[in-house]
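Per-entry structural report
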Amino acid sequence: MNTVSTAVAVAQRLRADFTPTEVLRSTDKTVIIAGEYNGTPAVAKVLTSTEPFWAEKFAREISAYTVFARGAPPVRVPRLLAADADEGVLLIEHMAGHPLSEERYPSALPIENVAIALNTLKALAHWEPAPDSFTRAWNYTDRLERYRGFGLFRPEEHRALTELLGHAGPHWHFAHGDALPVNIILSHGRAALLDWEYADYYLPALDFALLWIVLRETPGARDLIAAHIDEDGMARRAAFTVNRAMLLARELRTHRELPEAPWQKDRLRALAEDWDLLRADLNEPDHPSRRP
């Protein structure tokens with residue numbers, strides 16, 4: 001039995017009346033199958049990886065949907081239909097629409113669609129889930145040390161980012177954690193958010209920092225993101241800069257370790273340019289995120 005057939009069997013073991021109609025995506029981690037459940041368009045997500053890391057992330061996504069079922073966030077999310085973390089299967093409502101983009105780093109997108117996505121993520125950042133539903137995802141100080149150990153931060157950059165951590169203050173915001181274009185579904189002028197395995201508390205503006213990186217080819221996108229960030233003062237600007245540094249470091253390290261591909265050199269060049277922009281910000285005494 002191949003991976004897809006096995007995934008269908010696992011989904012139907014969870015709910016025998018789930019009728020599969022189409023395989024939407026199959027990766028080395030999951031198989032995602034569209035179908036119908038009790039007359040409702042549904043999607044079954046089945047874990048295929050045996051790695052503990054992905055098993056933990058899958059369980060966290062199920063936990064997020066369980067939290068949403070008890071108290072919905074102020075954004076559109078699929079309704080939880082059934083789940084079993086031990087079996088590695090999640091059944092949710094199938095959201096109509098199309099992703100902001102299928103690409104991690106898309107070419108130019110309609111700016112009005114970017115605006116819809118940003119407004120949705122801003123609403124999410126102001127949501128307060130029930131106490132103890134989520135935790136703080138990152139230890140930023142440890143992360144800074146780890147990336148410095150990888151040779152990604154110079155000593156002066158490490159010092160500047162440590163200083164910005166102090167300016168960012170004690171407030172953490174709930175975030176999607178992986179707000180890539182493919183996880184933002186647009187329909188009739190509204191956005192829904194999918195794939196919640198990284199949802200947690202982070203320093204403010206993490207989701208905006210990720211979109212700032214990946215939407216570099218969309219004219220006006222970064223200006224629009226900057227306008228949102230500037231609305232909320234120095235602490236939010238400092239947090240945005242720290243998150244941008246963390247995510248750029250992650251992207252650089254990941255892309256350097258990927259098997260060689262035709263697009264890799266251009267992607268690394270673009271990331272290096274954005275890293276230089278970050279360095280310029282960190283070295284600029286009058287940068288908004290560093291003003292007293």
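Scroll up to find the structure this text is about.
Reference entry: report on the structure contained in this document. These numbers come from a predicted model, not from an experiment.

Here we come to the overall build of the chain. Scanning the chain from N- to C-terminus turns up nine helices and ten strands. Principal-axis analysis of the C-alpha atoms gives the chain an extent of 60 × 40 × 35 Å. When each of the 292 residues of the chain is scored for burial, the buried share is 51%. Within the chain, counting contacts between residues at least 6 apart in sequence, those at least 24 apart form 69% of the total. For the chain, the computed accessible surface area is about 14,000 Å², with 50% contributed by carbon and sulfur atoms. Taking the average place of the 33 positive charges on the side chains of the chain and the average place of its 41 negative ones, the gap between the two points comes to 3 Å.

What follows deals with the pairing of strand E9 (residues 190-193). On any regular strand, side chains alternate: one points to one face of the sheet, the next to the other face. Here four bridges tie strand E8 (residues 184-187) to E9, and the two strands are oriented antiparallel to one another. What sits directly across from serine 187, in E9, is arginine 190. From the end of E8 to the start of E9, which pair antiparallel, there are two residues, and histidine 188 there has a positive phi angle of about 50°.

Over its 14 residues, helix H5 (residues 155-168) extends 20 Å from the first C-alpha to the last, a length consistent with the 20 Å expected when each residue adds 1.5 Å. Those residues of H5 not exposed but buried are Glu157, His158, Ala160, Leu161, Leu164, Leu165 and Ala168. When H5 is viewed along its axis, its buried side chains cluster within an angular range of 165° and face the same direction. Summarising the geometry of H5, the exposed residues directed more than 90 degrees from the buried face are Arg159 and Gly166.

The relative placement of two packed helices comes down to the angle between their axes together with the axis-to-axis distance. Packing of helix H3 (residues 111-125) against helix H7 (residues 221-230) leaves a shortest axis separation of 10 Å and a crossing angle of 25°. One finds that H3 runs roughly parallel with respect to H7. Two packed elements cross with a definite hand, and for H3 against H7 that hand is right-handed. Counted together, Ile111, Val114, Ala115, Leu118, Asn119 and Lys122 of H3 and Ala221, Leu224, Ile225 and His228 of H7 form the full contact between these two elements. Of the residues in the contact of H3 with H7, the class split is seven nonpolar, two polar and one charged.

Bringing the side chain of aspartate 195 into the picture now. Relative to the assigned elements, aspartate 195 resides in the loop between E9 and strand E10 (200-202). Side chain to side chain, aspartate 195 and lysine 45 meet in a polar contact 3.3 Å long. Ignoring sequence-local partners within four residues, the contact set of aspartate 195 consists of Lys45, Glu61, Tyr65, His176 and Asn183.

Time to look at the sheet that holds E9. Judged by pairing direction, the sheet is antiparallel, and its three strands sit side by side in the order E6-E8-E9 without closing on themselves. On the outer flanks of this sheet lie strand E6 (98-99) and E9, each paired with one strand and no other. Sheet contacts for H3: E8 and E9; angle to E9, the most-contacted strand, approximately 55°.

A word on the layout of surface pockets. Considered as a void within the structure, the largest pocket measures approximately 1,400 Å³ in volume. Considering the residues around the largest pocket, the lining is formed by 42 residues, among which Lys29, Trp54, Arg104, Asp178 and Tyr198 are closest to the centre. Secondary structure elements with two or more residues in the lining of the largest pocket: strand E2 (30-37), strand E3 (40-47), helix H2 (52-70), helix H4 (140-149), E10 and helix H8 (233-257). Grouping the constituent residues of the lining of the largest pocket by class yields 15 nonpolar, six polar and 21 charged. As a volume, the second largest pocket reaches approximately 430 Å³. Taken together, 22 residues form the lining of the second largest pocket, with Leu24, Arg25, Ile32, Ile185 and Leu194 sitting closest to its centre. Take the lining of the second largest pocket: its biggest share by element is three residues, from strand E5 (residues 89-93). Considering only residue class, the lining of the second largest pocket consists of twelve nonpolar, four polar and six charged.

Next up on the list: the packing of aromatic side chains. With the rule as written, the count across this model stands at 14 aromatic pairs. The interplanar angle of 55° and the centroid separation of 4.7 Å between the aromatic rings of phenylalanine 134 and phenylalanine 174 together place this pair among those described as tilted. With phenylalanine 134 in the loop between H3 and H4 and phenylalanine 174 in strand E7 (residues 173-175), this pair connects stretches of sequence that are 40 residues apart. Here phenylalanine 134 and phenylalanine 174 have matching classes, each one buried. Here tyrosine 147 and phenylalanine 153 contribute two aromatic rings whose centre-to-centre distance is 6.1 Å and whose plane-to-plane angle is 80°, an arrangement assigned as edge-to-face. Both residues of the pair, tyrosine 147 and phenylalanine 153, belong to the buried class. One cation-aromatic arrangement involves arginine 222 over tryptophan 212; the distance from NZ or CZ to the ring centre is 3.5 Å. Sitting over the face of the ring of tryptophan 212, arginine 244 holds its NZ or CZ atom 4.2 Å from the ring centroid.

What follows deals with the sheet that holds strand E4 (residues 80-84). With antiparallel pairing, the five strands of this open sheet are ordered in space as E1-E2-E3-E5-E4. Two strands close off the open sheet at either side, each with one partner strand: strand E1 (18-26) and E4. On average, each strand axis in the sheet is tilted by 20° relative to the strand beside it, whichever way the strands run. Two elements, E1 and E2, share seven bridges in a ladder whose sense is antiparallel. The residue of E2 that forms the bridge with threonine 19 is glutamate 36. Together, E2, E3, E4 and E5 form the strand contacts of H2, whose direction differs from that of E5 by roughly 35°.

Cut-off values and rules
- Residues numbered from 1 in each chain as written.
- Predicted model: local features only at pLDDT ≥ 70, side-chain atom pairs only at ≥ 80, totals over all residues.
- Heavy atoms only, no water.
- Helix = DSSP H or I, 4+ residues; strand = E, 2+ residues; numbered from the N terminus.
- Buried < 20%, exposed > 50% of the residue type's maximum accessible area, 1.4 Å probe, protein only.
- Contact = heavy atoms within 4.5 Å.
- Areas by Shrake-Rupley, 256 points an atom, 1.4 Å probe, with all protein chains shown as cover.
- Lys, Arg positive; Asp, Glu negative; His and termini not counted.
- Charge placed at Lys NZ, Arg CZ, Asp CG, Glu CD.
- Pairing = 2+ DSSP bridges.
- Expected span 1.5 Å × (residues − 1).
- Arc of directions from axis to C-beta.
- Axes fitted to C-alpha atoms, helices over the stretch in contact; angles between N-to-C directions.
- Parallel < 35°, antiparallel > 145°, perpendicular 65-115°, else oblique.
- Left-handed = near helix turned anticlockwise from the far one by under 90°.
- Nonpolar A, V, L, I, M, F, W, Y, C, P; charged D, E, K, R; others polar.
- Polar contact = N/O pair within 3.5 Å; in protein donor to acceptor, adjacent residues only side chain to side chain.
- 1 Å grid on protein atoms, 1.4 Å probe; cavity = no way out; pocket = protein on both sides within 12 Å on 5 of 7 lines; lining within 4 Å.
- Points joined across faces, edges and corners; volume = space filled by probe spheres on them.
- Phe/Tyr/Trp six-rings, centres within 6.5 Å; stacked < 30°, edge-to-face > 60°.
- Lys NZ or Arg CZ within 6 Å of the ring centre and 35° of its normal.

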